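What follows is each chain in one-letter form.
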Amino acid sequence: MSLADLGKILREKTTNWPNGRVITVVIRDPNSPAMKFVIEKAMGGTAEDGKAILNEESRKPAASIIFVSSDEDIVKTVEANPTAIGIVDVYNITSGVKVIRIDDKQPFDPGYVLKGH
Amino acid sequence: MGFRNTFEFAIIAVFVAGIAAVSPIARAQKSAASRKISAPAVKSDTVPVTTSSKEARQDYELGLSHREDLLFTEEGIDFFRKSVKADPHFALGHATLAFFTIDPPEEVRELALAKASASRAAPDEKLLIQWMTGTKNGQLVPAIAAMNDLLAKYPNDKRLANMYGEWLLGAQQNYDLAAKVLEKVLKNDPDYYPALNNLAYSYALGGRAELAPPLMDQYVAALPGQPNPQDSYGEILRMLGDFPDALDHYRTALRIAPTFFTSQVGIASTYALMGDEERARFEYLKAIDMAKERTDRMDYRILWAMTYFRENRPGLARKAFAEVAAEAHKQNLPIEEAECHRDTALFNPDSESAMNDLDAASAVMADKRHILVGTRESELAKILQTRSFIAVRAGDVDAARKALEGLNSMAQTNRDNAVQDAYHSANGAVMFLQGDYSGAISELEEDPRDPLSLQLLADAESKAGQTADAQKTLKTLAAINDETVEMAVVVPPVRAALKSNGSPSAQETSH
C-alpha cells in the first residue's frame, strides 16, 4: 500500500477493498496528540482539516470508522474484524495482525514514512 | 533541550487488500486457534523452558537470577554458558546467551545454534526465542509482535516484562515506553527490585531525573545486602553531577561485594569526570584486574588510555591507545581495536592526521569474520559519523560528503538506531557545511543524544540566529556526565565556554 492509498482510505475516497468488502478504519481519537502526526502525514493538509474529515457524521452510520481509546483496543478490534485497518504505535503490535508495508517499507526500515518525533 | 521520543506507527490489518485468496486459510487457522483456546489448559505463570537436562535448567535459572535480578553480569553469562554445555540442544539457552553476551564471535555462534535447535522448543518458548534473536538480527517487527503475544499470555511473568523494559531502555532508547512497561510491573509488585532499577534509569535518561533517586532509595532498601543497588545509585548520582555521593555509593557496593567490578569502574570514571586523571588511571587498573570477560577488560583499558587525552597529554595518549589497539588485535576484538583508532582521531587536533586514524579504524572493520553484520555496521557508522564531525571541524565539505555517501548506502538496508542516527548526523554535517542551517538543524535533531550531533546542532542553531535554542542545546550538552569518548571530547570545552559566557563551536573542540 502507498501512503497515498492510505490517505484515500482515511479521506473516504477509497471505501472498499479490492474484493468489494467495506473498509473499516480503526484509529484513536483524531484529537489525540498521537494522531496529529498521522493525519498530517497520510491525509496531507492540516491536522484540523483531517480531523474534520474523519469526524464527518456521514461516516458513522456505516461504521466505516471507529474511534477507540487505546492502541490495545485498536489491535483487538482489527484482530476481530477481517475488513478493518488500524493505525498503532509499532511497539503495540501482536502476531494477530499483519503489518502492512507503506510505500514498500515497514516500521524500522530506513526512510519509513510514518516515523516522527 | 529535552530529549525527544521517536515514534513509529504501524498500519495493521488481518485481511489485506490483494490477498483475498488466503482468507479461507486464515479463517481455518482462526477456527483451529479458537478450538485450542476453548480446551482446558493448565498454564504456568512464566514462559516454559524446554531442556532434557536438569543441570541445564538449573544453570539457566541461575543465569537469569544473576544476570537479570542481581546484575552479576559475568556470573550470569557464565551460567548460561554452562547451561548450553549441559544441553547442547537447549534452544532458549542458546538464544539467551546470544542475547546477553558481549563477545561478538559468541553472539554469532549462539544465534546460529538457537536457530538450529528452535524446533525442540515449546510454542511459547519459540516466541521468546523469536524475540531474542529478532532483536539481534534486525527482525524487529515480528520480534515485537512475539513479545507482545508473550506479555499478554504471561501477565504475571515479571522477569519477562522487566527484560522487555530493559531492552526498550538500553537497545531502543525508548525511555517513555520502557517506563510504561516497568511501571506496570511495579503496579502488580511494588517491590520487584529489577524493575525498580530499570525504571530509575528510564526516568534518569528520559529527562525525568528527579524521579530516579526515590526509586533508588527503594531499590537499596529492598536489597540491603546486594551491591547493584548501590552501584546503580552511584551511576544515577554521577549522571546528575553529584560526584562525591556517587563515589560513596560505589564504595559501599564494593564493601558489600569486593569483586563487583562495575562499581570499581564507576569509581574510576567518576574520578575521570572530576578531572583527577591520575587517580582515575589507578582505579581503572584495579577494574581491569577484577573483570573476567576479555571485552570488559579491553573496554576498561580504552577508558584508562583516554585519561591521558582528558588531561591533555596527547603523546602519552597516542602511545597508550596504540598499545591497547595492538592487544585488541591480538585478542581478535575488532570493535575495541577500531574504537582505539576512532578515539585517537577524535582527540587529534590535526584533521588530516585524524582522517588517517579513521582510515585505520575502517581497515580493522574490513575483516568480516567473527562478527555479526549489524555489530560491524554499527561500528562503521560511528567511524563515518566521526569522519563527518572532523570534516566540519576542518571545513572540508568533500570529506563530509564522502562519509555521508558511506552512511547513506548503509542506512538503506540497516535499521539499527546507531546507523540511522549516524546517517542523520552526517547529513546534518553536510548541510551545515553547505550553509543550509535549518536543514542541518532538522537532521541533527534526529540524533538528540550524541554529543557530536548536539555540538553541531548548537552551531547550526547559532548560525541560524536561534540563539536561545543554541544556548539550551549547549546546556543539555554541559549536563552530560558519562564516560564516552564523545562526551570527553565535546563537553569540557562547552562547560568552559558557558562558564565564560561564550558559545564554543565544533571547530573549537579539537584538543
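Conventions used here
Residues numbered from 1 in each chain as written. Chains lettered and ligands numbered in written order. Predicted model: local features only at pLDDT ≥ 70, side-chain atom pairs only at ≥ 80, totals over all residues. Helix = DSSP H or I, 4+ residues; strand = E, 2+ residues; numbered from the N terminus. Buried ≥ 20, exposed ≤ 12 C-beta atoms within 10 Å, placed from the backbone. Contact = placed C-beta atoms within 7 Å. Nonpolar A, V, L, I, M, F, W, Y, C, P; charged D, E, K, R; others polar. Pairing = 2+ DSSP bridges. Core = buried A, V, L, I, M, F, W, Y, C linked by C-beta atoms within 7 Å. Domains from an automatic or database assignment. Axes fitted to C-alpha atoms, helices over the stretch in contact; angles between N-to-C directions. Parallel < 35°, antiparallel > 145°, perpendicular 65-115°, else oblique. Left-handed = near helix turned anticlockwise from the far one by under 90°. Expected span 1.5 Å × (residues − 1). pLDDT = per-residue confidence, 0-100.

1. Describing the overall build of chain A
Check the secondary structure of chain A and you find 4 helices and 5 strands. In chain A, the succession of helices and strands from N to C terminus is α-β-α-α-β-α-β-β-β. Counting only C-alpha atoms and orienting by the principal axes, one finds that chain A spans roughly 40 × 30 × 30 Å. When burial is assessed residue by residue, chain A has 31% of its 117 residues classed as buried. Once local pairs closer than 6 in sequence are excluded, the contacts in chain A between residues at least 24 apart make up 49%.

2. Brief notes about the overall build of chain B
Check the secondary structure of chain B and you find 26 helices and 1 strand. Counting only residues that meet the buried cut, chain B has 52% of its 511 residues in that class. In chain B, the proportion of contacts linking residues at least 24 apart, taken out of those at least 6 apart, comes to 52%.

3. Regarding the interface of chain B and chain A
Listed as interface residues are 30 residues of chain B and, on the opposing side, 37 residues of chain A. Within the residue set of the side of chain B that touches chain A, elements represented by two or more residues are β1 (7–13), α7 (140–153) and α21 (397–413) of chain B. At 8 residues, α7 of chain B tops the list of elements feeding residues into the side of chain B that touches chain A. Per-class residue counts for the side of chain B that touches chain A are 19 nonpolar, 7 polar and 4 charged. Direction of pairing for strand β3 (residues 84–89) of chain A relative to β1 of chain B: antiparallel, over a ladder of 5 bridges. Along β1 of chain B, the bridge assignment pairs V88 of chain A with A10 of chain B.

4. Quick look at the nonpolar core
All names here are of chain B. By size, the foremost hydrophobic cluster in this structure holds 186 residues, and its most contacted members are A200, L407 and A429. Among the elements that make up this core, the one with the highest residue count is helix α22 (residues 417–433) (10 residues). The residues touching L407, leaving out its near neighbours within four places in the chain, are A381, L384, A422, Y423 and A426.

5. As for unusual backbone geometry
If you check the backbone angles, F108 of chain A has positive phi at about 80° while not being a glycine. One can find F108 of chain A in the loop between β4 (98–100) and β5 (115–116). Even without glycine at this site, Q173 of chain B takes up a positive phi of about 50°. One can find Q173 of chain B in the loop between α8 (158–170) and α9 (175–188). Classification of Q173 of chain B by C-beta neighbours within 10 Å gives partly exposed; the count is 17.

6. Notes on helix α4 (residues 91–100) of chain B
Within α4 of chain B, 10 of the 10 residues are buried, which leaves it mostly tucked inside the rest of the structure. Within α4 of chain B, the full set of buried residues consists of A91, L92, G93, H94, A95, T96, L97, A98, F99 and F100 of chain B.

7. Topic: the domain arrangement of chain B
Considered domain by domain, chain B is made up of domain 1 (54–154), domain 2 (293–371) and domain 3 (386–511). Taken together, the residues that form the side of domain 1 of chain B that touches domain 2 of chain B break down as 4 nonpolar, no polar and 2 charged.

8. Concerning the packing of α21 of chain B against α22 of chain B
All names here are of chain B. It is the contact of α21 with α22, at a shortest axis distance of 9 Å, that shows an interaxial angle of 150°. It follows from the interaxial angle that α21 and α22 lie roughly antiparallel. Remark: the crossing between α21 and α22 carries left-handed chirality. Residues V397, A400, R401, A403, L404, L407, N408, M410 and A411 of α21 touch α22, and the partners they reach there are V419, Q420, A422, Y423, A426, N427, A429, V430 and L433. Across the contact of α21 with α22, the residue classes tally to 14 nonpolar, 3 polar and 1 charged.

9. Description of helix α25 (residues 467–478) of chain B
Residues and elements named next belong to chain B. With 12 residues, α25 ought to run about 16 Å at 1.5 Å a step, and its terminal C-alpha atoms sit 16 Å apart, in line with that. Buried residues of α25: A470, T473, L474, T476, L477 and A478, and no others. The secondary structure elements touched by the buried residues of α25 are α24 (451–463) and α26 (485–499).

10. Some remarks on the confidence of the model for chain B
Should pLDDT be low for a region, the predicted coordinates there are not to be read in detail. Residues and elements named next belong to chain B. For chain B, per-residue confidence averages 89 on the pLDDT scale, and 91% of positions sit at 70 or higher. A low-confidence stretch, residues 16–40 (pLDDT under 50), is modelled with 10 contacts involving residues beyond four sequence positions or located in other chains. Model confidence for the complex: the whole-complex pTM is 0.80, and ipTM, which rates the interface, is 0.91.

11. Points about the packing of helix α20 (residues 373–394) of chain B against α22 of chain B
All names here are of chain B. Between α20 and α22, the shortest axis-to-axis distance is 9 Å and the interhelical angle comes to 15°. Accordingly, the angle class assigned to the pair α20 and α22 is roughly parallel. Where α20 crosses over α22, the two elements pack in a sense that is left-handed. Facing α20, whose interface residues are E377, S378, A381, K382, L384, Q385, S388, F389, A391 and V392, α22 presents A418, V419, A422, S425, A426, A429, F432 and L433. Of the residues that constitute the contact of α20 with α22, the class distribution is 12 nonpolar, 4 polar and 2 charged.

12. A short note on the pairing of β3 of chain A
Residue and element names in this part refer to chain A. Of all 6 residues in β3, 5 are buried; the element is thus mostly enclosed. For strand β1 (residues 24–28) and β3, the ladder comprises 3 bridges, and the chain directions are parallel. Following the sheet pairing, T24 is matched in β3 by A84.

13. Re the environment of V485 of chain B
All names here are of chain B. Take V485: it is sitting in helix α26. Accessibility expressed as a C-beta count within 10 Å gives 23 for V485, which makes it buried. With 46 residues separating them in the primary sequence, V485 and G439 have C-alpha atoms 27 Å apart. In contact with V485, not counting residues within four places along its chain, are M306, D343 and L346.

14. As for the environment of S442 of chain B
In this fold, S442 of chain B is placed in helix α23 (residues 437–444). Put simply, S442 of chain B and M431 of chain B are 11 residues apart on the chain and 10.0 Å apart in space, counted from C-alpha to C-alpha.

15. Section: the environment of R251 of chain B
Mapped onto the fold, R251 of chain B is located in helix α13 (residues 243–256). Along the chain, R251 of chain B and G234 of chain B lie 17 residues apart, while their C-alpha atoms are 8.9 Å from each other.

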